[in-house]
Amino acid sequence: MASVQFAHPAGITISATLTEDELVEKIPSAKKRDMKTGWIWYTLPSFCDGDTIVHISLGFNNARLKMISLSDGNPRFGGGWDEWSEQKERERVESIVAWLRQEDIQIGDYSWGRVSAGVDPRGGCGEANVTFF
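As the structure is a prediction and not an experimental result, all values here were calculated from the model.

**Student:** What am I meant to see in the overall build of the chain here?
**Tutor:** When helices and strands are tallied, the chain shows two helices and 10 strands. Helices and strands appear in the chain in the N-to-C order β-β-α-β-β-β-β-β-α-β-β-β. Taking 14 Å as the expected radius of gyration for a compact globule of 133 residues, we find that the chain reaches 14 Å, a close match to that expectation. Roughly 7,400 Å² of accessible area belongs to the chain as shown, and the carbon and sulfur atoms make up 49% of that amount. Each charge sign in the chain was given a centre, from 14 positive and 19 negative side chains, and these centres are 5 Å apart.

**Student:** Please explain the pairing of strand 1 (residues 5-8) as it appears in this structure.
**Tutor:** Sheet faces and side chains relate simply in a regular strand, where the side chains alternate between the two faces. Every second residue of strand 1 is oriented toward a common face, the buried set being Phe6 and His8 and the non-buried set Gln5 and Ala7. Sheet topology places strand 1 next to strand 2 (residues 12-15); four bridges connect them, and they run antiparallel. Bridging from a neighbouring strand, His8 pairs with Ile12 of strand 2. Linkage of strand 1 to strand 2, two consecutive antiparallel strands, is achieved through a turn of three residues, within which Gly11 is found at a positive phi near 105°.

**Student:** I'm lost on the side chain of Asn129 in this one. Help?
**Tutor:** Its place among the elements puts Asn129 in strand 10 (residues 126-132). The exposure class assigned to Asn129 is buried, which follows from its relative accessible area of 14%. At 3.4 Å, the side chain of Asn129 forms a polar contact with the side chain of Glu127. When neighbours within four sequence positions are excluded, Asn129 is seen to be in contact with Met67, Ile68, Ser69, Arg114, Val115 and Ser116.

**Student:** Even after reading the chapter, I still don't get the state of the cysteines, so can you show me in this structure?
**Tutor:** What we call a disulfide is simply a covalent bond connecting the sulfur atoms of a pair of cysteines. Tallied over the entire structure, the rule returns zero disulfides. The thiol of Cys125 is unpaired, and the distance to the nearest cysteine sulfur, on Cys48, comes to 19 Å.

Each value, and the rule that gives it
- Residues numbered from 1 in each chain as written.
- Predicted model: local features only at pLDDT ≥ 70, side-chain atom pairs only at ≥ 80, totals over all residues.
- Heavy atoms only, no water.
- Helix = DSSP H or I, 4+ residues; strand = E, 2+ residues; numbered from the N terminus.
- Rg over C-alpha atoms; globule rule 2.2 N^0.38 Å.
- Areas by Shrake-Rupley, 256 points an atom, 1.4 Å probe, with all protein chains shown as cover.
- Lys, Arg positive; Asp, Glu negative; His and termini not counted.
- Charge placed at Lys NZ, Arg CZ, Asp CG, Glu CD.
- Buried < 20%, exposed > 50% of the residue type's maximum accessible area, 1.4 Å probe, protein only.
- Pairing = 2+ DSSP bridges.
- Polar contact = N/O pair within 3.5 Å; in protein donor to acceptor, adjacent residues only side chain to side chain.
- Contact = heavy atoms within 4.5 Å.
- Disulfide = S-S within 2.5 Å.

Okay, here's the thing in structure tokens:
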């Protein structure tokens, strides 16, 4: 598989070549979190694609896109800790992996990086991640 690339409805193409400046210019509403470690995270506006509510966060390290975190925000998976269950989080993972497949993005290791998915044991959240080497 060639490197990951997909369009966000706000008008940008998310790929390893996306720059922080381009992101801020095209989506000024992206929420910024400076981790004070060289990493800066941006949470993009969510969008609906069928039954999937796609949540995307982009992690830049030293101004280079290094990680894309994706999850499905559909309310059927719960909206808070009072509705949390490991089963719902596993279903959330299955949903975002199915969405990635629609985008021709497969779980696996590649020459340019890795696509993975699972429930984060520390945060308890089901998500998929794209990591660029």
